[in-house]
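The lines below spell out each chain.
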Protein chains: 4
Amino acid sequence: MLLEKLREEVLEANLELLRHGLVLYTFGNASGIDREQGLVVIKPSGVAYDEMKLEHMVVTDLEGKIVEGTLRPSSDLDTHTLLYREFSEIGGVVHTHSEFATSFAQAGLPVPALGTTHADYFYGPVPVTLPLSDEAIGGRYVHETGLAIVARFKGESGSEAIDPRAVPACLVAGHAPFVWGKTPHDAAHNAVVLEAVARMAYRTISLEANSAEVSQALLDRHYFRKHGKDATYGQG
Amino acid sequence: MLLEKLREEVLEANLELLRHGLVLYTFGNASGIDREQGLVVIKPSGVAYDEMKLEHMVVTDLEGKIVEGTLRPSSDLDTHTLLYREFSEIGGVVHTHSEFATSFAQAGLPVPALGTTHADYFYGPVPVTLPLSDEAIGGRYVHETGLAIVARFKGESGSEAIDPRAVPACLVAGHAPFVWGKTPHDAAHNAVVLEAVARMAYRTISLEANSAEVSQALLDRHYFRKHGKDATYGQG
Amino acid sequence: MLLEKLREEVLEANLELLRHGLVLYTFGNASGIDREQGLVVIKPSGVAYDEMKLEHMVVTDLEGKIVEGTLRPSSDLDTHTLLYREFSEIGGVVHTHSEFATSFAQAGLPVPALGTTHADYFYGPVPVTLPLSDEAIGGRYVHETGLAIVARFKGESGSEAIDPRAVPACLVAGHAPFVWGKTPHDAAHNAVVLEAVARMAYRTISLEANSAEVSQALLDRHYFRKHGKDATYGQG
Amino acid sequence: MLLEKLREEVLEANLELLRHGLVLYTFGNASGIDREQGLVVIKPSGVAYDEMKLEHMVVTDLEGKIVEGTLRPSSDLDTHTLLYREFSEIGGVVHTHSEFATSFAQAGLPVPALGTTHADYFYGPVPVTLPLSDEAIGGRYVHETGLAIVARFKGESGSEAIDPRAVPACLVAGHAPFVWGKTPHDAAHNAVVLEAVARMAYRTISLEANSAEVSQALLDRHYFRKHGKDATYGQG
């Protein structure tokens, strides 16, 4: 069986979503990539989390062609592979319909950086894509979903460019979040934290609609405490 | 004992409501139909979920006459049987007072189709009935509840007609949701998802009162990904 | 040991509050009365729910004088005994600081009857007392809390009188709910349902501030389906 | 091993935060102090709660110098030690990013004293600091966080002074709460209750934006029922 260790990591990342209440029934999916071999491991489509096994994981190449596995891959595969091709530093991708992040996506709003919890993980607001055109929806929809994410990070359509390493998540308008990270574990962890900060942003906005975003100084202090060469958090 | 397998499915559908937190104490009920024999299996009235057994299930005909069982059927039986008579393709019916769907029902508002999670299951807003008249409430109330649902789907009182296969749920104004499906399992599954999308619709509206419904293109794309002859989701 | 069976019922009612998430740490309390002997059994003050035993229950007379037990009774005892003296049909009293009912109490608002779930248990809005005067607070405060509840039900201060059997709960302004019933079990059950209907009323009001209360016809239909000589719900 | 008993109390206080859902992953931290020896025991940085052991606890002096332990102390250590130096009566400090208290902190709002649950624990609103200046954030940030808390309690910047024994918690603007108590257990208990009263304050304000704070009489009555020499609550 190919990529034994990556399979385990991908299975574990999927289960992490379940443990933290981010997925219902067969919703959501996590994947990981082996950059050397150019192979992606992804959850199968429509399989229940509590019955999921290592051998159910599907292995594809970077174009989504199945290399190993007897089950259909997640229906969101083409978004995963596009993100791997376009964001060369990422090693894992997660998609969920988690309640609060999805609610921001449905409202067409970014998750603003309202506090240090957010700044610990996301170096600025978590952006939302433009709505997909009818043509994109009617065409290669799942691929187009990835294109909308990439367009948002490249700063197309007049928005500012964002570094996908600094803000490892994007809301797809009217749909739900995609989240990534250095590894499948990292992507799942970021998805859990995104849901937590979305929940607190929702409460904060309810209390005070005009709540200020954290200052640049606070964003820098918290983000670089956990990221980059000068990080001091943990037992690193 | 009649309809052994259907009893098991109906019991299991009732327990699914409990597992997902849709029912409190003895609230809620699920049923199933054997179309060939014209027999309905339904939860007994006022029995605790954790004590419910196969032999407690009540079997009735399509008019609600008890054919087998020593317990009283659910007090909502007449709504179930009416729905089976009027919506000939359905095989299971579920009624709950789940928190968010019930809150929309109490507010007299449909659950709008604000995202792809909704579109995956419901091909348009989940409608709400007109309020029942005092005469209807004072008369055959449970039967009248069913009539109000059917009237809403047939497009009476000026509203647009809805295909009950495409939107397998209805909110009864001032009361709570009724949900259906091809089987009892399917109906319970739809009830769980209805609660999830109602919860997200509530959050979305709180964030942005004028949130747009998904486009027709997105509704089509997601709904037909999971339904109909061209469905691609899952291992089917 | 006096009143063995009632002790068990009171302990069990206290544990029911814990099981349904209505109490935190040592918050809340349940009691029961033996009308023949004129004796009240109540939870001790400040004892953790998961360490509570039958012998911890305190037995008092209707004036609150301890008859049996080595622990101090709940600090809310004087409210319980007053309710037992004034509302002669009740057999159990429960007090919690459950989140949503308490939020209505803190807002000084009744829980409106917005749906059939409410009507199944409470024959009209769950009222809120007037705020206690500084004199009442500085005096026999716990007794005065009971007086404020009784005053609200007797229709003093210009409000309409309410039958405590038909609406077995009251919010104390700025404080939290007191709930009662025919037995300790019944009181705890009503407290759990009050929290559920308060939660749904909160959501309903958020969706639509001017949501209508249920009609008199619907209130009658649902309330009398579960209460009174013509009740049809359950296996009774 | 130094301070065996205090280590156990600090570990236990950390686990109490986990049990009550106040912390996610490695977020949050609890500490305790031995006033005689002038030694602080604190959670290590970035260690998962379910793997935390007594020997992981870090012992420092009051200036934060490590006296015993092989792991890095919590990154919030300097705030803890400052609070121990400035608030001489406290024996434990807790920091969490619990959802509702953090949402008030992010909104820059105190948690108002809207009911008796609040008054039982906090003798007035739980205050919020001023935002830290860019200089403070760019300098000794964690120390400055403590200074902002102390400044708020000493009544600097025009606000009224607060006794840290009477209100054992403070929200740091744009960040999250710090909570303290006589012991680590007491601090953790207060953090759990702060989250509960923040949750209820949030609901209360949603229902009625202008909800009144409890009267001075009610604040006195409830606070002194549980605190000070005339306390009557519990079995003490």
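Residues numbered from 1 in each chain as written. Chains lettered and ligands numbered in written order. Predicted model: local features only at pLDDT ≥ 70, side-chain atom pairs only at ≥ 80, totals over all residues. Heavy atoms only, no water.

- The name recorded for chain A in an unreviewed UniProt entry is L-ribulose-5-phosphate 4-epimerase, from Tunturiibacter gelidiferens.
- Comment text from UniProt for chain A, heading Cofactor (unreviewed entry), reads "Zn(2+)".
- According to its UniProt record, chain A has this under Sequence similarities (unreviewed entry): "Belongs to the aldolase class II family. AraD/FucA subfamily." (UniProt positions renumbered as here; feature names shortened; annotations may be inferred.)

Here's the deal with the pattern of salt bridges
Opposite charge on two side chains makes pairing possible when the charged atoms of those side chains draw close.
Piece 1. Under the criterion given, the structure shown has 39 salt bridges over all chains.
Piece 2. Lys5 of chain B serves as the salt-bridge partner of Glu9 of chain B, at 2.7 Å between the closest nitrogen and oxygen. With a gap of four residues between them, Glu9 of chain B and Lys5 of chain B both fall in helix α1 (residues 4-19), about one helical turn apart.
Piece 3. Of the charged contacts, one joins Arg85 of chain C and Glu63 of chain C as a salt bridge, the two residues approaching to 3.8 Å between their closest N and O atoms. Taken as a pair, Arg85 of chain C in helix α2 (residues 77-86) and Glu63 of chain C in the loop between β3 (58-61) and β4 (66-68) lie far apart in primary sequence, 22 residues in all.
Piece 4. Judged by relative accessible area, which is 31%, Arg85 of chain C ranks as partly exposed.
Piece 5. Beyond isolated ion pairs, a larger network of salt bridges with shared partners links Glu12, Glu16 and Arg19 of chain A. (Salt bridge = Lys/Arg side-chain N within 4 Å of Asp/Glu carboxyl O. Helix = DSSP H or I, 4+ residues; strand = E, 2+ residues; numbered from the N terminus. Buried < 20%, exposed > 50% of the residue type's maximum accessible area, 1.4 Å probe, protein only.)

Focus: the relation of the copies chain A and chain D
Piece 1. At an RMSD of 0.0 Å, chain A and chain D line up after a rotation of 90 degrees and a shift of 0.0 Å along the axis. Here the transformation between the copies is reduced to the relation of a four-fold axis. Considering only C-alpha atoms, the residue of chain A closest to the rotation axis is Ser206 of chain A, which sits at 5.6 Å.
Piece 2. Residue by residue, only 6% of the interface of chain A is reproduced at the interface of chain D, so the copies engage with different surfaces. (Least-squares fit on C-alpha atoms with pLDDT ≥ 70 in both. Contact = heavy atoms within 4.5 Å.)

Thoughts on the side chain of Ser98 of chain B
Piece 1. Structurally, the position occupied by Ser98 of chain B is in the loop between β5 (92-95) and α3 (99-107).
Piece 2. Contacts of Ser98 of chain B, omitting those with residues within four sequence positions, involve Leu22, Pro177 and Glu195 of chain B together with Met200 of chain C.

Some remarks on the pairing of strand β3 (residues 58-61) of chain B
Residue and element names in this part refer to chain B.
Piece 1. Two strands pair when backbone bridges link them, and strand β2 (residues 39-42) and β3 are joined in this way by four bridges, in the antiparallel orientation. Counted as the bridge partner of Val40 is Thr60 from β3.
Piece 2. As consecutive antiparallel partners, β3 and strand β4 (residues 66-68) are separated by four residues, and within that stretch Gly64 has a phi angle of approximately 90 degrees, a positive value. (Pairing = 2+ DSSP bridges.)

Let's talk about the relation of the copies chain D and chain C
Piece 1. Superposing chain D onto chain C takes a rotation of 90 degrees plus a shift of 0.0 Å along the axis, which leaves an RMSD of 0.0 Å.
Piece 2. By residue overlap, the copies meet through two different surfaces: only 6% of the interface positions of chain D are interface positions in chain C.

Observations concerning the environment of Gly124 of chain B
Residues and elements named next belong to chain B.
Piece 1. Note on placement: Gly124 falls in the loop between α4 (116-119) and α5 (134-138).
Piece 2. In sequence terms Gly124 and Ala209 are 85 residues apart; their C-alpha atoms lie 19 Å from each other.
Piece 3. In this view, Gly124 contacts Ala113, His118, Val167 and Leu219; residues no more than four positions away in its chain are not counted.

Notes on the packing of helix α3 (residues 99-107) of chain A against helix α7 (residues 184-207) of chain B
Piece 1. Between α3 of chain A and α7 of chain B, whose axes approach to 8 Å, the crossing angle comes to 55 degrees. With respect to α7 of chain B, the element α3 of chain A is oriented oblique. The crossing of α3 of chain A and α7 of chain B is right-handed. Between α3 of chain A and α7 of chain B, the contacting residues are Glu99, Phe100, Thr102, Ser103, Phe104, Gln106 and Ala107 of chain A on the first element and Arg199, Met200, Ala201, Arg203, Thr204 and Leu207 of chain B on the second.
Piece 2. Among the residues making up the contact of α3 of chain A with α7 of chain B, the classes are represented as six nonpolar, four polar and three charged. (Axes fitted to C-alpha atoms, helices over the stretch in contact; angles between N-to-C directions. Parallel < 35°, antiparallel > 145°, perpendicular 65-115°, else oblique. Left-handed = near helix turned anticlockwise from the far one by under 90°. Nonpolar A, V, L, I, M, F, W, Y, C, P; charged D, E, K, R; others polar.)

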